[in-house]
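Listed below, chain by chain, are the residues.
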Amino acid sequence: MTEQLQKQPSARVPIHLISGFLGSGKTTLLNRVIDYYKAADVKVAVIMNELGDVNLDGQFVDDDVPMAEMLGGCICCTIRGDLGLELKMLIEEHQPDVVLIESTGAANPMEIIDAVTEAALYIRVELQTIATVVDGPELLSRSRRGGRTYRLMQDQIRCATDLIMNKADKLGPDELIEVQQLIRELNSYAPLTITVRCMVELNMFDPSPGRQAGTDARQLHESHVCGANCSQEGHHHPHDEQTTDMGISHSHVMALTYYFDGPVNSYDFESLISRLPDDVYRAKGIVTFSDTNSRFLFQYAYRELEFTRITPQGKVNDVAVFIGEHFAKDALVQDLVRLHEGTGSTGIAP
Ligand SMILES: Nc1nc2c(ncn2[C@@H]2O[C@H](COP(=O)(O)OP(=O)(O)OP(=O)(O)O)[C@@H](O)[C@H]2O)c(=O)[nH]1
């Protein structure tokens with residue numbers, strides 16, 4: 001613990017995702033981050049996701065920490081729809097300052113990013129960090145063999161905002177150089193730390209308003225590509241080949257979450273969506289139209305826009321999430337603000 005953490009003043013709960021291949025050291029890191037928050041008096045809640053029906057790793061997490069266990073499936077596909085609900089319940093019940101999510105080692109991070117941003121429909125959250133723990137020796141050995149698991153590890157590295165190359169104690173000096181080169185070829189932007197037992201400076205987990213994860217992602221995975229068994233060994237991803245290489249530069253936001261402060265005109269809204277650049281390939285959200293006095297869930301994918309009229313039971317935010325690469329977030333925010341005369345709010349720092 002090096003410094004007192006600044007709690008985020010806004011009402012948005014920062015989400016930090018810990019990704020990384022099976023056995024790479026995610027729980028080791030999770031426990032370190034929990035201690036870090038506790039020492040700084042930051043209230044943390046945890047979501048742990050396991051493919052199996054038992055959360056063995058959860059036994060080693062501090063009993064005082066509110067935890068939701070999502071078992072028996074992967075949040076990137078089979079139980080993905082539950083993530084929003086779990087987040088909402090956890091936040092409403094415990095009012096944490098920050099939420100940590102540990103994904104399964106088989107999860108495709110792009111799908112989780114999609115699921116977390118979907119949760120923004122129900123609750124004010126902001127995905128800030130995707131820390132990928134890389135199993136150094138495993139990456140090296142798989143790089144020599146190739147295959148789908150190696151491709152999954154590559155995806156996890158590409159999506160990271162922060163990279164931790166762990167298990168350095170199991171590598172010789174030449175191997176250490178080789179594995180760093182491998183990682184840097186995949187993601188040259190995210191800060192990379194070489195560790196044993198994830199001993200890393202933890203300031204990547206500080207709540208920092210305006211930071212949105214995905215900023216450093218260099219590869220976006222097509223939506224809906226994840227199969228029931230994700231990318232477990234022996235249960236390979238049926239659509240792995242659909243992964244598309246789309247370079248995205250460091251300074252470009254991948255997911256923009258925008259909360260409306262009030263109803264907007266339906267024609268203006270449709271017009272904005274029709275003008276979205278091609279680089280925004282996915283958008284979704286809930287919007288209230290001033291001219292029809294109705295609320296709609298909207299879905300936008302591959303330039304098709306769909307509306308479903310909704311009558312939410314509980315409190316639901318009017319919010320729009322845009323996912324893409326290389327898009328001009330500032331211009332889009334301005335367009336959105338103009339929809340309701342400058343009253344909207346985003347997590348993007350001015
Ligand atoms: N040699 C070595 N072992 C490590 C290191 N970090 C973690 N381990 C061990 O690796 C094993 C897996 O660590 P975890 O932190 O449980 O990894 P995980 O990514 O949470 O594992 P899953 O939840 O199964 O995907 C444990 O036995 C750790 O003690 C390291 O730097 N070096």
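Note that residues are indexed from 1 along each chain, following the sequence as it is written. Totals for whole chains, interfaces and linings use every residue, but because this is a predicted model, local features are given only for residues with pLDDT of at least 70 and side-chain atom pairs only at 80 or more, for both listing and counting.

A. Looking closely at the overall build of the chain. Segments assigned H or I by DSSP are reported as helices when at least four residues long, segments assigned E as strands when at least two residues long, and all are numbered from the N terminus. For the chain, the helix and strand inventory stands at eight helices and 13 strands. Taking all 350 residues of the chain together, 45% fall into the buried category. It is the C-beta atoms, placed from the backbone, that decide contacts: two residues are in contact if theirs lie within 7 Å. The contacts of the chain with a sequence gap of at least 6 include a subset with a gap of at least 24, amounting to 79%. The burial criterion counts other C-beta atoms lying within 10 Å of a residue's C-beta, which is placed from the backbone; the residue is buried at 20 or more, exposed at 12 or fewer, and partly exposed between these limits.

B. Structural context of the sheet that holds strand β3 (residues 67–70). The parallel open sheet is built from seven strands, whose spatial order is β3-β2-β4-β1-β5-β6-β7. Either end of the sheet is taken by a strand with one partner, and the two such strands are β3 and β7 (192–194). Across this sheet, the average inter-strand angle for adjacent strands is 20 degrees, counted without regard to direction. Contacting β1 (13–20), β2 (44–49), β4 (98–102), β5 (125–135) and β6 (162–166), helix α1 (residues 26–39) crosses the sheet at an angle of about 170 degrees to β4. Across the sheet, helix α6 (residues 173–186) is in contact with β5, β6 and β7; its angle to β6 comes to roughly 155 degrees. Paired strands, as defined in this entry, are two strands with at least two bridges between them according to DSSP. In this description, a line fitted to the C-alpha atoms serves as the axis of each element, helices being fitted only across the stretch in contact, and the angle between N-to-C directions of two axes falls anywhere from 0 to 180 degrees.

C. Seen up close, the confidence of the model for the chain. What pLDDT conveys is the predictor's confidence in a given residue, as a value from 0 to 100. Of the residues in the chain, 71% have a pLDDT of 70 or more, and the chain-wide mean is 76. For the chain, per-element mean pLDDT is lowest for strand β13 (residues 345–346), which scores 42, and highest for β7, which scores 97. This prediction of the complex comes with two scores: 0.67 for pTM and 0.98 for ipTM.

D. Focus on the packing of helix α4 (residues 136–145) against helix α5 (residues 148–158). Axis separation between α4 and α5 bottoms out at 9 Å; the angle between their running directions is 130 degrees. In terms of their interaxial angle, α4 and α5 are classed as oblique. Crossing angle aside, the handedness with which α4 passes α5 is left-handed. For the pair α4 and α5, the contacting residues are Leu139, Arg142, Ser143 and Arg145 in the first and Thr149, Tyr150 and Met153 in the second. As a working rule, the residues Ala, Val, Leu, Ile, Met, Phe, Trp, Tyr, Cys and Pro are called nonpolar, Asp, Glu, Lys and Arg charged, and the rest polar, with Gly in that last group. Partitioning the contact of α4 with α5 into residue classes produces three nonpolar, two polar and two charged. Here is the rule for angles: anything less than 35 degrees is roughly parallel, anything more than 145 is roughly antiparallel, 65 through 115 is roughly perpendicular, and the remaining ranges are oblique. In a left-handed crossing the near helix is turned counterclockwise from the far helix by less than a right angle, and in a right-handed crossing that turn is clockwise.

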